[in-house]
Structure formats: structure tokens, C-alpha cells
Amino acid sequence: MALETIDIVIIALYALALLGIALAVSRQPKGSTKNTEDYFLAGRALPWWAIGASLIASNISAEQIIGQSGQGYAVGIAIAAYEWQAALVLIIVAKFFLPIFLKRRIYTMPQFLAERYGEGVKTLMSVFWVALYTSVNLTTVVWLGGLAISSLTGWGVFAAMAALAAFAALYSLYGGLKAVALTDIIQVVILIVGGFAITWIALDALAGADGAIAGLGVLMEEMPGHFEMILDRDNPAYGDLPGIWTLLGGLWVLHFSYWGFNQYIIQRALGAESLGEAQKGLAFAAFLKLLVPFIVVIPGIAAVMLAQQGALDGSALAAQSDRTYGELMAFAPAGLRGLVFAALIAAVVSSLASMMNSISTIFTMDLYRSWKPDRSETHYVTVGRITAFAAMAIALVLARPFLGGFDSAFQTVQEYTGFIAPGIVIVFLLGFFDRRANAAGAYTALIGSVAANVVLKFAAPDIPFIIRIWIVFVVALVASMLISRLTGRPREEQTVRLGDIAFGTNALFNTLAVLVIGILVGLYVWLW
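The rules behind each value
- By convention here, each chain's residues receive numbers from 1 onward along its written sequence.
- Where totals are concerned, whole chains, interfaces and linings use all residues; where local detail is concerned, this predicted model gives features only for residues with pLDDT of at least 70, and gives and counts side-chain atom pairs only at 80 or more.
- Side-chain metrics rest on all non-hydrogen atoms present in the structure, leaving aside hydrogens and water.
- Here, a salt bridge means any side-chain nitrogen of Lys or Arg that lies within 4 Å of a carboxyl oxygen of Asp or Glu.
- The way it works is that DSSP assigns letters per residue, a run of H or I at least four long becomes a helix, a run of E at least two long becomes a strand, and they are numbered from the N terminus.
- Under the scheme applied here, a residue whose accessible area is under 20% of the maximum for its type counts as buried, over 50% as exposed, and between as partly exposed, the area being computed with a 1.4 Å probe on protein chains only.
- Here is the rule: rings of Phe, Tyr and Trp (six-membered ring for Trp) pair when centre to centre is within 6.5 Å. Planes less than 30 degrees apart are stacked, more than 60 are edge-to-face, and the remainder are tilted.
- Whether a charge sits over a ring comes down to the Lys NZ or Arg CZ being within 6 Å of the ring centre and within 35 degrees of the ring normal.
- In this description, a nonpolar core means a group of buried Ala, Val, Leu, Ile, Met, Phe, Trp, Tyr and Cys residues linked to one another through side-chain atoms lying within 4.5 Å.
- By the convention used here, residues are in contact when the closest approach between their heavy atoms is within 4.5 Å.
- One less than the number of residues in a helix, times 1.5 Å, gives the span that helix is expected to have.
- One fitted axis covers the seven residues ending at a residue, a second covers the seven starting there, and the bend at that residue is the angle between these axes.
- Each axis is a line fitted through C-alpha atoms, taken for helices only over the stretch in contact, and angles between the N-to-C directions span 0 to 180 degrees.
- Reported orientations rely on four angle classes, namely roughly parallel under 35 degrees, roughly antiparallel over 145, roughly perpendicular from 65 to 115, and oblique for the rest.
- Charged residues are taken to be Asp, Glu, Lys and Arg, nonpolar residues to be Ala, Val, Leu, Ile, Met, Phe, Trp, Tyr, Cys and Pro, and polar residues to be all remaining types, Gly included.
- For a crossing to be left-handed, the near helix must be turned anticlockwise from the far one by less than a right angle; the clockwise case is right-handed.

Help me out: how do you make sense of the pattern of salt bridges in this one?
Pairing is possible between side chains that carry opposite charge, provided their charged atoms lie close to one another. Inspection of every chain in the model, using the stated rule, returns seven salt bridges. The partner of Glu 119 in a salt bridge is Lys 122, with the nearest N and O atoms 2.9 Å apart. With Glu 119 and Lys 122 both in helix H7 (residues 119–153) and three residues apart, the pair spans about one turn of that helix. Residue Arg 485 pairs with Asp 434 through a salt bridge whose shortest N-O separation is 3.0 Å. With Arg 485 in helix H22 (residues 465–486) and Asp 434 in the loop between helix H20 (421–433) and helix H21 (439–459), the pair connects residues that are 51 residues apart, well separated along the chain. A relative accessible area of 9% means that Asp 434 is categorised as buried.

This is how it looks when you write it as C-alpha cells:
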């Protein structure tokens, strides 16, 4: 697919606008310098609309657009469980978790673990998170983004990845979280507009459909198996999305690990100007989350029918479903193609920038600062920038050997993340609500989660990984609570005093929460 002059102009205008805004919002007043709170938490001054937009822009990456579109092609609407259930989790996180984090004015998730369990647990998780974000999350986004741009432009995959990485670094390394969060407002608008454009074009292109709305009706009538949220046991995709267990099992563990305790997601809320703003931001993000399957999964389902009608190369998509979204972009006319291309770039660079910022925050504030506690604020900001750049360079090297051979990078990432997700959720939940939880119990949960997942993966390979995660979560939770009670009590100052924390929410948040839950229930009833 060739980009025409109008497409290139649109992409160039998008890139220049993004860089210009990032530089403008990152400028410091004359005579002042950027400190760690400015760089890593945007000076704790983010409003709700910036938090919500940035959360979604950071989350909707190549992993979602490319990976879930490919899964829409291969599996169907059932993959939307990763999006729609997340909306409910965001509401729960906003009401019950954010008040605890913001009361303690923490910079990072490891900092909370240090206050609650001690330096050993903090260091273990800091090292793990830096390694995970670099070798899995950052690597996946840059690989899938490079793969899509390669198929659209004819560039080599590494050249496409390097261009994306350089663009993300240009606007994020200088400005930190403030530049990332405020430019994400532009990113999320382009993402949603460009995403709905692809959905409309794909549905309109279906033979026998008179317009996009009619196309959706034709698609649902002709491909009912692709519009089932709860898969039967005989479905080929049951191993990844095991029917009712997507509602009752380990998918919730993955959601809480990602949306509740994931640094590069929760960091936006930690930078809020107040608890109320943070909660409204997460509620706004929950509403946007409900839209995501309509702009990434539905086009993938439409691609199945387009392939059957000869409009797409079905054999190529069957061999690697992650190419689905890139192939669909070829249907966009000149001009609109440039906008959709810019939306894809926006998704990738926003997530890359967010991950780079979070890696640098954890490394600098939780590891390096503990080692060198007496350096200046400017020194720590410089270390953060160097760390972000180094992480991106490592991801570029690891991308092809780590992910090049997998059919679906999206499902691969979920399974990799699931090895530690039960332990992460346990140490935070017990840290919040169990005053007896101690460091020994935390180590039991974290190390036991990985060990039990590895054992079950090889000893019982037929168990779907979502069910395996749930089994590990329950076993590790019981073991952690038991070990905590067989060993010494934590110091009183380590425990979370829930009586000192205001969990009440205002009428606006409560109304938004009820609406999100109502829409979510309606979607599941409609597509059960």
C-alpha cells in the first residue's frame, strides 16, 4: 500500500503538532529546574481529562490495535473480555485503591511495597518490573508497531521499529510524564477517530451490505460464531479464552495486576492534582474502554468475511493474524489513510513513551536512588532519561528473537504476564486489607506464583492459562496468609490504617460507575 502526498502531509502535520505541544508544555519557568516530581509525576497537577485520556492512549497500543484485531480475525468478539472487563476494574481501582496510594503520596508501586513490607520486597519487584516492562511490554509494542508499518510502507521491520522508537524518545525524554500525559489528549482523539474510520470502511466494504450499519448486521448474521463472548469447550480458541472462566477465573487477576498495580498505567493517577480528579479520570477511562472493541475487534471480524469474498489475502492472514489491521488500512482512501496511519503511530508512540517513563521512574527512584541517595534532583532526572533511552535500545534488539516466531503476540504477552500477576495482586491486596501480612508472606506469594505457574504449565499443559492463573492465585493467597501468620507481625507503622483513609466518592463518580456497570452487563447479555 502506497502513501500518497496528502497522507504524508497529514502524518507530518500530526508529528510536528505533537512535538511542538510536548516541547511547549515541558518548558520550565525561567530560572527554575525540573525536579523528580515534575519529571516523573507531572508536578502532581494532572486534571481528570488528561488522566483519563492518557490512560487509554497508553493502553491502546500496537498490542491492542494489531494484536486484538488479529484475535478478532482468529477468534471473534470474545477477545473483547480484555477490554470490557477492564472498565469495571478501573471503577474498583478508583474507589478502593487510589485513596490508599494518594494518601501515602507515593511515586511508584515499589515504593508502596517498601513502606508496607520492607526494602527487600521493593528491590525484588523493582528489578522484576524493569525487566518485564523492557523485555515484554516495550518489546511487544515496538515489534507489533514495526510489523504494521512495515506492511504499510515496505520498510524493513527493524527500520520501522527504530523510527517509532526515535519519535517516542524525541517528545518524551525531555518533558517526562507531563509531556506524555498532555500530548496523549491529541493521541486519544486521533486513535478513536482513526479507529472508527477503519471500522466504518471495513464494514462498508462487505459485499451485500448497503453501508457500514447494514454491514454490521450482515456480519453478525453470516458469522454468528464470531459474536459469542462465552466460547464453548469445543471452540479452537477455548485454550486462550476458556468460556465462563473468563468471567470467573484468572482474567480478573490479569486485569487487577495491569490496571491496579502497573506502574505505567497507575502513574497517571499518582500525578493527579487531587483524589477526586484521579477518580474522575479513571471513570472517564472506563467509558473510553467500552469503545475499544468497536475500533479494533470488529474490523478484525470483518476481515474474515472480506477474505472469504476475495478482498483480502486469507491465506496470509491465516498464517499470521497480526497482519490483519495493516491489511485493512489499504481500504482507506488517500487522506483518510494518512489519518489512520497517524492513529496507528499515535497508539504506538504513546505507549512507548509511557513505558519508557515508567521504566525510568522505577529504576531511578526505587533502585538508583537507594544506591546513590545524596545526589541532586537534576542528577536523578538525567539518570531517568538515560535509563529510558537504554531500555528502548534493549527492546529494539530483543523484539525479533522474542516475538518474531509467535502467531499472536497479544496472547503471548498475556501468558508471560500471568506468571507473576497472581503474586503481584496478592501482595497489594493483603498489603491493603490484611494487617498480619508481612515480608515472608509477600515473598511466598511472589516467588510461589512464578514457581507454581511454571510447574503447572509443564505438568498440566492442557489447562488453559487463564484457569491456571486462577488456581495459582488461590493457592498462593492461602499460602501467603498462612506464612504471614506463622511468622512475626509487621511493625505497626508498616500496616495500612484504613480508618484514616476516605473511601467515599462524589455523586458524579457514582453515577458514572453505575452507567459503566449497566453498559457492561448489557453488552454481555447481548453477546453471550
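Explain the packing of aromatic side chains here, please?
Aromatic ring pairs: the centre-centre distance and the angle between the two ring planes describe each pair. The tally for this structure, following the rule as stated, stands at 20 aromatic pairs. Consider the rings of Tyr 258 and Trp 259, whose centres lie 5.0 Å apart with planes at 75°: the pair is edge-to-face. Trp 259 carries the same exposure label as Tyr 258, and that label is buried. Connected via pairs of aromatic rings, a cluster forms that spans Phe 97, Phe 101, Phe 112, Trp 129, Phe 256, Phe 261, Phe 428, Phe 432 and Phe 433. One residue, Lys 95, lies across the ring of Phe 96, its end atom 5.8 Å from the ring centre. Sitting above the plane of the Trp 371 ring, Lys 372 keeps its charged end 4.6 Å from the centroid.

Mind showing me how you'd approach the nonpolar core here?
One recurring pattern in soluble globular proteins is that nonpolar side chains are buried together. In this structure, Phe 101, Trp 129 and Phe 428 are the most contacted members of the largest nonpolar core, which totals 170 residues. Of the residues forming this core, the biggest block, 19 residues, is contributed by helix H14 (residues 275–308). Those residues within four positions of Phe 101 in sequence are excluded, and the remaining contacts are Ile 106, Met 109, Phe 112, Gly 260, Phe 261, Ile 266, Leu 270, Phe 428 and Phe 432.

So what exactly am I meant to see when it comes to helix H17 (residues 336–371) here?
In an α-helix, one turn spans 3.6 residues; hence positions three or four apart end up facing the same way. The first and last C-alpha atoms of H17 sit 51 Å apart over 36 residues, in line with the 52 Å expected at 1.5 Å per residue. A bend of about 35° at Thr 364 is the largest found in H17. Taking burial as the measure, the 36 residues of H17 include 29 buried ones, the bulk of the element.

Would you take a moment to explain the packing of helix H12 (residues 251–261) against helix H13 (residues 263–270) for this structure?
To characterise two packed helices, one gives the angle between the axes of the helices and the distance between these axes. Between H12 and H13, whose axes approach to 6 Å, the crossing angle comes to 40°. The angle between H12 and H13 falls in the class oblique. For the pair H12 and H13, contact is made by Tyr 258, Trp 259, Gly 260 and Phe 261 and by Gln 263, Tyr 264, Ile 265 and Ile 266, respectively. Across the contact of H12 with H13, the residue classes tally to six nonpolar, two polar and no charged.

Is there a simple way to think about the packing of helix H10 (residues 212–222) against H14 in this case?
Axis separation between H10 and H14 bottoms out at 10 Å; the angle between their running directions is 70°. By the angle class used here, H10 and H14 are roughly perpendicular. Two packed elements cross with a definite hand, and for H10 against H14 that hand is left-handed. Contacts between H10 and H14 pair Leu 216, Val 218, Leu 219 and Glu 222 from the former with Ile 298, Ile 301, Ala 302 and Met 305 from the latter.

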